[in-house]
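A look at the structure
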Amino acid sequence: MPDPLNAGVGMSWLTPAIRDLQGDRLASEYKIRYFENGASPNLVIKGLPAVTKPQFDQMVDMMEERHAGAANAFRTLYLTQGADATVIGGNLQEIDFRAVTGAGETRLSVLSRVPASLLGISEGLAGSALNAGNWSAARRSFADTWVYPTLQDLAASLAPLVNVPADAELWFDVTDIPLLREDAKDAAEITSIQAATIGNLVNDGFTPESAKAAVKGQDMALLVHSGLVSVQLQLPGATAQPQPLTSGQ
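Report on the accompanying structure. (Residues numbered from 1 in each chain as written. Predicted model: local features only at pLDDT ≥ 70, side-chain atom pairs only at ≥ 80, totals over all residues. Heavy atoms only, no water.)

**A short note on the overall build of the protein**
Tallying secondary structure elements over the protein gives eight helices and four strands in all. Secondary structure elements in the protein, listed N-terminal to C-terminal, are β-β-α-β-α-β-α-α-α-α-α-α. Of the contacts made within the protein by residues no fewer than 6 positions apart, 48% connect residues no fewer than 24 positions apart. (Helix = DSSP H or I, 4+ residues; strand = E, 2+ residues; numbered from the N terminus. Contact = heavy atoms within 4.5 Å.)

This is the structure we're talking about:
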């Protein structure tokens, strides 16, 4: 990923992800501090009738002892004449704590390129994201855009370190990867359709080699006809001319 602080220099996606995790940790710490301090907004106390610093410190310590912490939540605050308490903070609803943390989770999903529904984060567990069709589409998109390309790059990177035969290629086996089992089923169905297409082309008189090349390359221009046609395409009373045998047949 491009580094916004250094033009032309790349960085791992983990770098911005760690920054988001740090922000999420601070948000969680803020929530803990919120409950530790009585689950109430921050207050400014003005006009305490203290003449000396020891008296002021004694009043502050008394208020902290009686009103700080979750155990003292919702206790009534009593002030002497002339003192005043002003709210300077807000509650978690005003902060929209869920939206703040949910946005961080979504950014992690985007950075890691893993769909939110697959990660199981809050933004991916609501609405239509859990519908069978949408979940399957997210899984397939993840497999096609990340899993397969990453495995291919991994195989290509490890090939120089492995004694690969000259007529072989280092590849990966997806048999034991549950995420890709549906893709294996689709691949088997595609292979079956291709085999049936090749069989039909051969039955129609095209050479087996050209039929395989045309189906594999998805180019019908590669088909080569053998000159033999089915009985239904021959004129009445016509007989098929026998093909000359070559040596070895």
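From this point, the discussion proceeds with the structure in view.
**Notes on the pattern of salt bridges**
All chains considered together, the criterion is met by one salt bridge. Between K53 and D57 there is a salt bridge, and its shortest N-O distance comes to 2.7 Å. Highlighted residues: K53 and D57, both in helix α2 (residues 53–67), separated by four residues, approximately one helical turn. Look at K53 and you get exposed, because its relative accessible area is 59%. (Salt bridge = Lys/Arg side-chain N within 4 Å of Asp/Glu carboxyl O. Buried < 20%, exposed > 50% of the residue type's maximum accessible area, 1.4 Å probe, protein only.)

**Here's the deal with unusual backbone geometry**
The backbone of R113 sits at a positive phi, close to 65°, despite the residue not being glycine. Locating R113 in the fold gives a position in the loop between α4 (97–112) and α5 (116–119). A residue is classified by how much of its surface remains accessible, and R113, at 47% relative accessible area, is partly exposed. Non-glycine residue Q218 carries a positive phi angle of around 50°. Mapped onto the fold, Q218 is located in the segment after α8 (208–217). On the basis of relative accessible area, Q218 is assigned to the exposed category, the value being 72%.

**Quick word on the nonpolar core**
Counting eight residues, the largest nonpolar core consists of V114, F142, A143, V147, L151, F172, V174 and L180. Of all hydrophobic cores here, the second largest spans five residues; its members include L201, A211, A214 and V215. (Core = buried A, V, L, I, M, F, W, Y, C linked by side-chain atoms within 4.5 Å.)

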